[in-house]
Protein chains: 2
Amino acid sequence: MAAQSAPTASVGDASGSVGVVQPSFITFNNPLPLTSGQVLPSYELAVETYGTLNEQRSNAVLVCHALNASHHVAGVYEGQAKSEGWWDNMVGPGKALDTDRFFVIGVNNLGSCFGSTGPASLRPGTERPWGADFPVVTVEDWVQAQARLADHFGIEKFAAVMGGSLGGMQAMCWAIDHPERVGHCIVVASTARLSAQNIAFNEVARRAIISDPDFHGGHYYEHGVVPRHGLSVARMIGHITYLSDDDMAVKFGRTQRAPAENGEFHYGYGVEFEVESYLRYQGEKFSTYFDANTYLLITRALDYFDPARRHGGDLARALQAAQAKFLLVSFTTDWRFPPVRSREIVQALLKNQRPVSYAEIDAPHGHDAFLLEDRRYHAVVQGYYDQIALELGLPARQRVTGVLAS
Amino acid sequence: MAAQSAPTASVGDASGSVGVVQPSFITFNNPLPLTSGQVLPSYELAVETYGTLNEQRSNAVLVCHALNASHHVAGVYEGQAKSEGWWDNMVGPGKALDTDRFFVIGVNNLGSCFGSTGPASLRPGTERPWGADFPVVTVEDWVQAQARLADHFGIEKFAAVMGGSLGGMQAMCWAIDHPERVGHCIVVASTARLSAQNIAFNEVARRAIISDPDFHGGHYYEHGVVPRHGLSVARMIGHITYLSDDDMAVKFGRTQRAPAENGEFHYGYGVEFEVESYLRYQGEKFSTYFDANTYLLITRALDYFDPARRHGGDLARALQAAQAKFLLVSFTTDWRFPPVRSREIVQALLKNQRPVSYAEIDAPHGHDAFLLEDRRYHAVVQGYYDQIALELGLPARQRVTGVLAS
């Protein structure tokens, strides 16, 4: 593969923002064999990059996204207010993942609905969208596609592969499937496999979508509708699992939304409480932009991920192949992927005598904490990247911005 | 009110079962003013009783039910296999709540779908079911209707009012609204008010039902359909919150339901895991017998319950009126109404110098634990009822059956 510079311009400023960015779309015409046995004949990946790939190509960091995120990790889009990338507080010049020194790649996963090939894309050789016929993809498939993207950039080895939640699963999978290509593996608020309860929540969300009459067996595009009620319910369920009970108590408690004149309830099934209003809004908003087939596909990829499965359930054996150093971060109030799930991974790595750092952050925000600004959390990540930079002989940090500068 | 004996015959046997029972239906023609300001012109309550009301009428215990239960607390129905009442392990001759000594009343709440007047009942003066026009009722309204039932039986004061979950709320409400009529208040796995997260789960369940096209604004009876998809999703959500994460891990883990021949996954959206199969079955079964309007109504009664609300949020002030002695029981793995919610009630009672016993049972089964056999749990309840019997000068326990005899 030919060396290639970043496809998108990154404009740094003193505020720590990577500035205005734009995505690239890269076409791959070599068929991708999938875990399921199916083959994706060709596909396109939506990509953004920030910072500059150095001459040795040693400073590249791949950031993997979770359920409803995308390649748009940092920066803003021209002329679009509130278009910050989903990890803009983490990635930028002087931020924890410092784009003054690192070359950061964000890539939208296959099957998503934000630019990479997915169920809403036209099926090659037809004039119709894939719809329900889009193949089920796995975390392993995503990593395989990302490896081809690395080839495209001429990156033999990533300084780090990093992700939160489902993104953390991809980082782990990288360390297992491509051990020689990952210097450091950073896994935040994740797990080595879903619990029965996790699968249960996913399944209810899928049932809500599939049983919506507007789903039409996944071929709703042709009917000019979307299963928005089902998608909305699915999102509401998910949202509850992203927040902690305590955080919801603080944010909403039992506050009434628009009480009757005497302060009383309305005694009906409309919105009575703030938390209902918030959830309905989140559900409805989500149903206007997210693709239902993608929701099914991504929750299924979550369910299937279980690297220990091929090793009789022994995670340590699954991680034996890994050559990376690891950083794991969990959050005390995360009940979706609680600290005990991260500790299982730490234990499995220690069994293999892999170098591993682990931080359990006392944060009130539940699973969502991995996306939020938190001084201790960002300090841990920043310290870790400073170590990586030192190891690789990258230039010293020029500035500190973001939550750590305040 | 005239004294009246039990409307249903109770047949004790050596096994600790109350034997074959049958419900009574009692009509109330005096209108019931509701919290909402509406008035229920007349109504019927489905009732079962077990044991014998003594001459002093001092040995009556009211058992209040939770979301999907009924007046059928104990015993079986003639010729019906597996028709045990929902608390049959707790209530019977020689059991924790001993029908050799106590006269136990089970009553189906207004708005339910198991015999008492509810949304599926014909609206008086019309030939149509109430449907969505059935008034929203509250825990306070249920207790008011139950008080009239007590009058009907000529019971001035209950030896105890007892309930689990939503049933515990009714017991608490009894102690506050009718202090002179409650000797003991037994509150199991309950809370003095739902948290934002509790309300959130209820709201998602309601949205699933209301957005099902077969709901028809609550008037589905006339369309000859039921919103079974929505009801099924609602039940699945509820079910997840009744079980503990650990219990699900033990029961289901990541066990595959019917793997492909090579042990592999099917890579689709059908059932892959046992937990999916279980939840789908539970959801579908529920949707065949439970009324959707009742589901809305009961979840709303849960949301609204908050006796501290009229007292500036001060639960101790709300409980100031209570004259009962209290027993509170919680379960360590109950994340729907965790122990901390029971402890809040205990604290509020102690502030009022109310006699209160509290047991926190180390049980793995989550919220559902209150319905299950557990030696320590049942021993606590049995011991408490033995004390009540002693206080009231009831005859000594003749036998020990149920989980405590084994």
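From a predicted model like this one, the values you see are computed outputs, not experimental measurements.

What to know about the packing of aromatic side chains
Residues and elements named next belong to chain A.
Working step 1: Using the criterion set out here, one finds 47 aromatic pairs over all chains in the structure.
Working step 2: Here Phe-114 and Phe-290 contribute two aromatic rings whose centre-to-centre distance is 5.7 Å and whose plane-to-plane angle is 70°, an arrangement assigned as edge-to-face. Here Phe-114, found in the loop between β8 (103–107) and α1 (139–153), pairs with Phe-290, found in the loop between α6 (274–289) and α7 (292–304); they are 176 residues apart in sequence, far enough to count as distant.
Working step 3: Here Phe-114 falls in the partly exposed class, since its relative accessible area comes to 25%.
Working step 4: For the ring pair Phe-286 and Tyr-295, a centre distance of 5.7 Å and an interplane angle of 80° mean the geometry is edge-to-face.
Working step 5: Take Phe-286: its relative accessible area is 1%, and that puts it in the buried class.
Working step 6: Cluster of aromatic residues (ring-pair linked, three or more members): Phe-114, Phe-286, Tyr-289, Phe-290 and Tyr-295.

What about unusual backbone geometry?
With glycine set apart, most residues show a phi of negative sign, and most peptide bonds adopt trans.
Working step 1: Non-glycine residue Arg-57 of chain A carries a positive phi angle of around 55°.
Working step 2: Relative to the helices and strands, Arg-57 of chain A resides in the loop between β4 (43–50) and β5 (60–64).
Working step 3: Look at Arg-57 of chain A and you get partly exposed, because its relative accessible area is 27%.
Working step 4: Of note, Lys-82 of chain B is a non-glycine position whose phi angle comes to about 55°, a positive value.
Working step 5: With respect to the secondary-structure elements, Lys-82 of chain B resides in the loop between β5 (60–64) and β6 (91–92).

Quick word on the confidence of the model for chain A
All names here are of chain A.
Working step 1: Considering every residue of chain A, the mean pLDDT works out to 95; 97% of them sit at 70 or more.
Working step 2: Here residues 1–12 is a poorly scored stretch, pLDDT under 50, and it has 36 contacts once near neighbours within four places are set aside; other chains count.
Working step 3: For this predicted complex, the interface confidence comes out at an ipTM of 0.94, alongside a pTM of 0.95.

Here's the deal with the interface of chain B and chain A
Working step 1: With 58 residues of chain B in contact, the opposing surface of chain A contributes 58 residues.
Working step 2: Carbon and sulfur atoms supply 63% of the area buried between chain B and chain A, which totals about 5000 Å² over both sides.
Working step 3: Three residues, Arg-254, Tyr-267 and Tyr-269 of chain B, lead the burial of chain B against chain A; their summed loss comes to 17% of the area buried on that side.
Working step 4: Residue Arg-206 of chain B pairs with Glu-276 of chain A through a salt bridge whose shortest N-O separation is 2.8 Å.
Working step 5: Among the secondary structure elements, those contributing two or more residues to the side of chain B that touches chain A are α3 (196–210), α4 (228–242), α5 (245–251), α6 (274–289) and α7 (292–304) of chain B.
Working step 6: Tallying contributions element by element places α3 of chain B first for the side of chain B that touches chain A, with eleven residues.
Working step 7: Here the side of chain B that touches chain A is built from residues that sort into 29 nonpolar, 14 polar and 15 charged.

So, the sheet that holds strand β9 (residues 158–164) of chain A
Residues and elements named next belong to chain A.
Working step 1: The eight strands are arranged β1-β4-β8-β5-β9-β10-β11-β12 in an open sheet whose pairing can be described as mixed. Every other strand in the sheet has two partners, leaving β1 (24–28) and β12 (356–361) as the edge strands with one partner each. Pairwise comparison of adjacent strand axes, ignoring direction, gives a mean angle of 20° for this sheet.
Working step 2: Here β9 pairs with strand β10 (residues 182–188) via six bridges, running parallel. Bridge pairing in β10 links Val-161 to Cys-185.

About the cut-offs
Residues numbered from 1 in each chain as written. Chains lettered and ligands numbered in written order. Predicted model: local features only at pLDDT ≥ 70, side-chain atom pairs only at ≥ 80, totals over all residues. Heavy atoms only, no water. Phe/Tyr/Trp six-rings, centres within 6.5 Å; stacked < 30°, edge-to-face > 60°. Helix = DSSP H or I, 4+ residues; strand = E, 2+ residues; numbered from the N terminus. Buried < 20%, exposed > 50% of the residue type's maximum accessible area, 1.4 Å probe, protein only. pLDDT = per-residue confidence, 0-100. Contact = heavy atoms within 4.5 Å. Buried area = accessible area lost by both parts, 1.4 Å probe. Salt bridge = Lys/Arg side-chain N within 4 Å of Asp/Glu carboxyl O. Nonpolar A, V, L, I, M, F, W, Y, C, P; charged D, E, K, R; others polar. Pairing = 2+ DSSP bridges. Axes fitted to C-alpha atoms, helices over the stretch in contact; angles between N-to-C directions.

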